[in-house]
Amino acid sequence: MRIPLANNLVTRDGTLTKDAKIVNGFVESRGDDSAVFKRPGTTNLGPVGTGLGQLLTTWNESIYSVVGDELGQSLATSGSFTGRRLFCAIATQSNNISAISPDGATWTLGGFPAVDNWTGIAWNGTVFCAIAGTDAIPPGPGSTNAATSTDGLSWTLRTLPVSASWSAIAWNGSVFCSVAYNSTIAATSPDGITWTQRTLPVSTGWISIAWNGVNFVALSETGSGIAATSPDGITWTQQVFSTTGNSGGLVASNENFYFVNSGLNAGKSVNNGVGWLAGTLPGSGDFWRGVATNSDSSVIVAVSTISNSYRGAISSDGITWTPITTPAAYWRTVVHNGFEFCAISGGYRDAVTLVTSNIAATSLDGVTWTQRTLPASANWSAMCVGQVL
């Protein structure tokens, strides 16, 4: 795609070299696989400054904005701008806060309508939904609290069908599905408001859930090799996956599931979560808690909350892993927004001590990481990506 150059461009350092940061231009799609570079005056961009949308371009039905020196994404449908892609993070226990960011670097602080152990968050295309349950070892008494938000900042309290140690939540295109720790309890909701209790096939430490386009998969934290699959969140079938150690992170990408755990085990699903291929994470005594993939699953990143050896690892297949260097933090989770990875910290210093932190980190390739600052020091517990107008 050739882009005609506009006149009177302004750059960050005043030069027009190939690496100059342009601060007053944008690219307009013509809808025929061509685009034209423009400058303010032809289109009202609003105030343009450091950290604000300095450059827009389009590709594959998406609008891309350069913010500062970073790249963030806003989805588009039929060439129409439909919103910003945001990281949305939540904190557990007494912090009672949330935060959103378009790029993992600049964060805005929000709050929750109740103090609770907020443990999981998911996005359904319209709202964020968070669930509360337990974040303690051993698990606490549980909760009936859920919350929904259209922007990740202002939240409305909702009620889950039963008090339980709700641990994870996912969306499948029709319903949210949440699972509870040390129980047979699950629940589904079309909107995060009205919930129906469901039954899992066995009582165990359900800790994670994900959707791959065919099945929900839920994994147990107890190291017993227990998994369960469901096409709808209602009917569940117990499965077996080979693992030792407590299961931690689970992510679905391009029909595959990938998991990591505290026993240095990793895995990749086959047959939509019915079968699993085993992998090995690097290190010794690390508690691998979070895992994420880029858009085509060619880069898979894992992060550790209790680190004796490594705080991060990378893989191209979910089986063979290589250590990576991240900023020093007790990483709790990592997600990918279509452009970059973002990790947040606030995990466990040891098996029982939960620490507060304001450290985040971003990476375009999963290898090179830049430390960022969250808007508050908190027990950051979960994060997802949503699209907000």
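Here the structure is shown first, and the text comes after it.
Looking at unusual backbone geometry
Reasoning step 1: Positioned with a positive phi, Asn-182 is a non-glycine residue whose angle comes to about 50°.
Reasoning step 2: Non-glycine residue Asn-254 carries a positive phi angle of around 50°.
Reasoning step 3: Within the secondary structure, Asn-254 is located in the loop between strand E19 (247-253) and strand E20 (256-261).

Re the packing of aromatic side chains
The geometry of an aromatic ring pair is captured by two quantities: the separation of the ring centres and the angle between the planes.
Reasoning step 1: Applying the stated rule across the entire model yields ten aromatic pairs.
Reasoning step 2: Geometrically, the ring pair formed by Phe-112 and Trp-118 is stacked, given 4.5 Å between the ring centres and 10° between the ring planes.
Reasoning step 3: Judged by relative accessible area, which is 0%, Trp-118 ranks as buried.
Reasoning step 4: Put simply, the rings of Phe-112, Trp-118, Trp-123, Phe-128 and Trp-155 touch in pairs and so form one group of aromatic residues.
Reasoning step 5: Stacked on the ring of Tyr-330, the Lys or Arg Arg-311 has its end atom at 5.7 Å from the ring centre.

What about the sheet that holds strand E12 (residues 143-149)?
Reasoning step 1: Taken in spatial order, the nine strands of this open sheet run E10-E11-E12-E13-E14-E15-E16-E17-E18, and their pairing is antiparallel. Looking at which strands have only one partner, the edges of the open sheet turn out to be strand E10 (118-123) and strand E18 (237-240). Mean inter-strand twist for the sheet, computed between neighbouring axes without regard to direction, equals 55°.
Reasoning step 2: Two elements, strand E16 (residues 216-220) and strand E17 (residues 226-230), share four bridges in a ladder whose sense is antiparallel. What sits directly across from Leu-219, in E17, is Ala-227.

Points about the sheet that holds strand E29 (residues 357-363)
Reasoning step 1: Across the sheet, which stays open at both edges, the four strands sit in the order E27-E28-E29-E30 with antiparallel pairing between neighbours. Edge positions in the sheet fall to strand E27 (331-336) and strand E30 (370-378), since each of these pairs with one other strand and no more. Each adjacent strand pair in this sheet contributes to an overall mean axis angle of 20°, direction not counted.
Reasoning step 2: Two elements, E27 and strand E28 (residues 341-345), share five bridges in a ladder whose sense is antiparallel. Across the sheet, residue Val-334 finds its bridge partner in E28, namely Ala-343.

Conventions used here
- Residues numbered from 1 in each chain as written.
- Predicted model: local features only at pLDDT ≥ 70, side-chain atom pairs only at ≥ 80, totals over all residues.
- Heavy atoms only, no water.
- Helix = DSSP H or I, 4+ residues; strand = E, 2+ residues; numbered from the N terminus.
- Phe/Tyr/Trp six-rings, centres within 6.5 Å; stacked < 30°, edge-to-face > 60°.
- Buried < 20%, exposed > 50% of the residue type's maximum accessible area, 1.4 Å probe, protein only.
- Lys NZ or Arg CZ within 6 Å of the ring centre and 35° of its normal.
- Pairing = 2+ DSSP bridges.
- Axes fitted to C-alpha atoms, helices over the stretch in contact; angles between N-to-C directions.

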